[in-house]
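# Coordinates in review
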Amino acid sequence: QVQLVESGGGLVQPGGSTRLSCVASKSIFRPNVMGWYRQAPGKERELVARIFLGGITNYADSVKGRFAISRDNAKNTVFLQMNGLKPEDTAVYYCNAKDGGIEYWGKGTLVTVSS
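So, a few notes on the structure that sits alongside this text. Bear in mind that the values here come from a model prediction, so they are computed numbers and not experimental data.

## Points about the side chain of Arg38
- Secondary-structure assignment places Arg38 in strand 4 (residues 33–39).
- For Arg38, a relative accessible area of 6% puts it in the buried group.
- Here Asp89 takes part through its side chain, which lies 2.9 Å from a polar atom of the side chain of Arg38.
- Setting aside residues no more than four positions away along its own chain, Arg38 makes contact with Glu44, Arg45, Glu46, Val48, Ser62, Val63, Phe67, Glu88, Asp89, Ala91, Val92 and Tyr93.

## Observations concerning the nonpolar core
- Trp36, Val48, Phe67, Val78, Leu80, Met82 and Tyr93 are the most contacted members of the largest nonpolar core, which totals 26 residues.
- Those elements that place two or more of their residues in this core are strand 3 (18–24), strand 4, strand 5 (46–52), strand 7 (67–72), strand 8 (77–82), strand 9 (91–99) and strand 11 (109–113).
- No other element matches the four residues that strand 9 contributes to this core.

What counts, and at which threshold
- Residues numbered from 1 in each chain as written.
- Predicted model: local features only at pLDDT ≥ 70, side-chain atom pairs only at ≥ 80, totals over all residues.
- Heavy atoms only, no water.
- Helix = DSSP H or I, 4+ residues; strand = E, 2+ residues; numbered from the N terminus.
- Buried < 20%, exposed > 50% of the residue type's maximum accessible area, 1.4 Å probe, protein only.
- Polar contact = N/O pair within 3.5 Å; in protein donor to acceptor, adjacent residues only side chain to side chain.
- Contact = heavy atoms within 4.5 Å.
- Core = buried A, V, L, I, M, F, W, Y, C linked by side-chain atoms within 4.5 Å.

In structure tokens form, the structure reads like this:
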């Protein structure tokens with residue numbers, strides 16, 4: 001079975017922080033890119049951040065300077081450190097991994113930013 005399992009998230013106050021984790025099954029060997037997408041209520045899924053095997057990262061403009069993505073290649077794990085959270089960050093966050101033409105998705109974890 002090939003899967004991505006997210007953890008973390010939950011209810012966070014505006015300005016607060018949380019860290020998301022995603023562990024990919026070992027059958028996904030060193031995916032070229034791992035990342036996080038999110039889907040807010042009533043909106044389309046969008047890229048939040050991604051990180052390539054060599055460490056190059058990309059961020060959505062809306063999260064740049066607030067979020068930080070990292071990965072542990074030996075553990076097939078990707079993290080998303082989320083700081084300075086805003087209510088508009090509220091969404092289901094999905095882990096993504098890609099190797100060649102094959103793409104994998106986690107089931108998502110809900111992050112709610114509210115006071």
